[in-house]
Structure formats: structure tokens, C-alpha cells
Amino acid sequence: GAVVSQHPSRVICKSGTSVKIECRSLDFQATTMFWYRQFPKQSLMLMATSNEGSKATYEQGVEKDKFLINHASLTLSTLTVTSAHPEDSSFYICSADGTANTEAFFGQGTRLTVV
Amino acid sequence: AQSVTQLDSHVSVSEGTPVLLRCNYSSSYSPSLFWYVQHPNKGLQLLLKYTSAATLVKGINGFEAEFKKSETSFHLTKPSAHMSDAAEYFCVVSDIYGFGNEKLTFGTGTRLTIIP
């Protein structure tokens, strides 16, 4: 199957700093990528849909100015958590649609810890 | 609107015995349904998917699921549990979102524990 690579897998940052997470589709082009957040022992919640060359579409309750999404190419989307707070600590996962939109492929996830 | 209900937050079975993870869904359209597995601190791996073809879907690692429209269910089963099956399992329903891309809605997950 197609491969989606997410980097970094784990990051620790200080409160007030910004962190960038990358999501790459390695062997296919993804016009759409999705960013999810997963709190401990909970399900994945969709944060935003990232469309190549256009602005991301954010889900209700997600602060677009805090979670900046850029989808500059067909193989790369980035999520930047700005002015991070401890409550932003979570597991962030991206996914990309494969060909014919029949399946989503997930990255390995990024565990963010804000101290 | 679409939603998924996983009826059990935690299931424990003995190694070698059958596994049943329950899932009910609601969808305004003909849904696509998926089961994903997540091992600790790992991403999600697709186990199987239903996309309006055969109602009994076989996936990887011996798992299968049956789509029952009359019951709006998509339960995941495996005849004989293995220790490596211990993980979190998510039932997922998809709908068309925007430009023909799928928007996935996740269930709350079922943690499967295998007893040696």
C-alpha cells in the first residue's frame, strides 16, 4: 500500500514555542490530507482538511490561528502548533487519500509534549 | 451526518478463543466502513474495508467483518485470538466530503486484551 511518513515521531517543546509537524506521501500524490488529534484513551478527532494549493478547512472548535496548516505541494502538508501550551500535548496523526479516494493512509503519528 | 458507535470500550479474550468487536453506524449515504488497528504509540493500520461490494469482508491477520445493512452493523471477528492482536481497534465510517474526498468519522475505540 501507499506510504505516508510523518515527522517527527516525538517532540518535546517549551511552552510558548512553535512546533512544526510534517506529513509526506512518499509514493503517491495527495491532493487532500487530513490532520487528526488523539487524546489519551480517546478516539481520533478530525482537526482540519488540507487541500493542496488552497486554505485548509478547519473543524468546528479548532483554532486556525493556533494550528497552522500548509499544503504547498502534492506530497507535503505541515501542521504548525503555534505558541504551544501544555494542553496542546497530544498525539497528532495525518492521513492522505490514496488513488480513487478509496482508502486513507495514515502517518505514524507525532507525540507532542509541551512542558 | 454520520456516526459510529463501538459498543465495548474494552474486550478481553483468552488466546486461541474467538474475538468479537462490535460496531454500529449511521450514515445518510451508502457508507464505506473500515476497521483500523492501533498498536501503542504507533499509527493506524487498515485491517479491512467495506465499499459496497461483498458484505463479508476479509482483512489482514485473519480478521473479517460483515456488513449488515438491516442492523446497521459492521462487527469485527477473528476465529482465534493471538497475543499480537492486543491493541486498540477503531471502527470508521466514511462519507463524501467536499471535492469527492472522504471524511472519516472514528468510533471511540475498543481496547482488546489477550489473556495468555
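Please read all numbers here as calculations on a predicted model, not as lab measurements. Every chain begins its residue count from 1, and numbering advances along the sequence as written. Key to labels: chains lettered from A, ligands numbered from 1, both in the order written. Confidence filtering applies because this is a predicted model: local features only for residues at pLDDT of at least 70, side-chain atom pairs given and counted only at 80 or more, and all residues used for totals across whole chains, interfaces and linings. Values reported for side chains reflect all heavy atoms of the structure, with hydrogen atoms and water molecules removed beforehand.

S.K.: Please explain the sheet that holds strand β7 (residues 67-73) of chain A as it appears in this structure.
M.R.: To summarise the sheet geometry, strands pair through backbone hydrogen bonds and adopt either a parallel or an antiparallel arrangement. All names here are of chain A. In spatial order, the strands read β1-β3-β8-β7; together these four strands make up an open sheet with antiparallel pairing. Each of the sheet's edge strands pairs with one partner strand only, and the pair in question is β1 (4-7) and β7. Neighbour to neighbour, the strand axes of the sheet diverge by 15 degrees on average, direction disregarded. DSSP-based pairing: two strands are paired if at least 2 bridges between them are found. Labels follow the DSSP assignment, with helices taken as runs of H or I lasting at least four residues and strands as runs of E lasting at least two, numbered in each case from the N terminus. One ladder, built from four bridges, connects β1 with strand β3 (residues 19-25); its direction is antiparallel. Across the sheet, residue Gln-6 finds its bridge partner in β3, namely Cys-23. Working convention: axes come from line fits to C-alpha atoms, limited for helices to the stretch in contact. Angles between N-to-C directions cover 0 to 180 degrees.

S.K.: What am I meant to see in the interface of chain A and chain B here?
M.R.: A common measure of how large an interface is: the accessible area buried when the components associate. Note on contacts: a residue pair qualifies if any of its non-hydrogen atoms lie within 4.5 Å across the two residues. Counting residues at the interface gives 23 residues for chain A, matched by 19 residues for chain B. As a working definition, buried area equals the accessible area (1.4 Å probe) given up by two parts on being put together, with both sides summed. Carbon and sulfur atoms supply 48% of the area that chain A and chain B bury against each other, a total of about 1800 Å² over both sides. Definition used for salt bridges: Asp or Glu carboxyl oxygen within 4 Å of a side-chain nitrogen of Lys or Arg. Our count for the chain A to chain B interface comes out at zero salt bridges. Only β4 (32-38), β5 (44-51), β9 (90-97) and β10 (104-106) of chain A provide two or more residues apiece to the side of chain A that touches chain B. Here the side of chain A that touches chain B gets four residues from one element, more than from any other, and that element is β4(A). Only Asp, Glu, Lys and Arg are considered charged in this grouping, and only Ala, Val, Leu, Ile, Met, Phe, Trp, Tyr, Cys and Pro are considered nonpolar; every other residue, Gly among them, is considered polar. Per-class residue counts for the side of chain A that touches chain B are eight nonpolar, ten polar and five charged.

S.K.: I tried to follow the confidence of the model for chain B on my own but got confused; where do I start?
M.R.: Regions with low pLDDT carry predicted coordinates that are not meant to be interpreted in detail. The pLDDT averaged across chain B works out to 88; a share of 93% of its residues lies at or above 70. Values of pLDDT, ranging from 0 to 100, describe the predictor's confidence in every residue of the model. The weakest mean pLDDT in chain B belongs to strand β11 (residues 101-106) of chain B at 74; the strongest belongs to strand β3 (residues 19-21) of chain B at 98.

S.K.: Please explain unusual backbone geometry as it appears in this structure.
M.R.: Apart from glycine, the bulk of residues carry a negative phi angle, and the bulk of peptide bonds sit in the trans form. In the segment running from A:His7 into A:Pro8, the intervening peptide bond is cis, with an omega of 0 degrees. Within the secondary structure, A:Pro8 sits in the loop between β1 and β2 (10-13). Residue A:Ser83 is not a glycine yet carries a positive backbone phi of 45 degrees. With respect to the helices, strands and loops of the structure, A:Ser83 is situated in the loop between β8 (76-81) and β9. For B:Asn61, which is not a glycine, the phi torsion comes out positive at approximately 60 degrees. Along the chain, B:Asn61 falls in the loop between β7 (56-58) and β8 (64-68).

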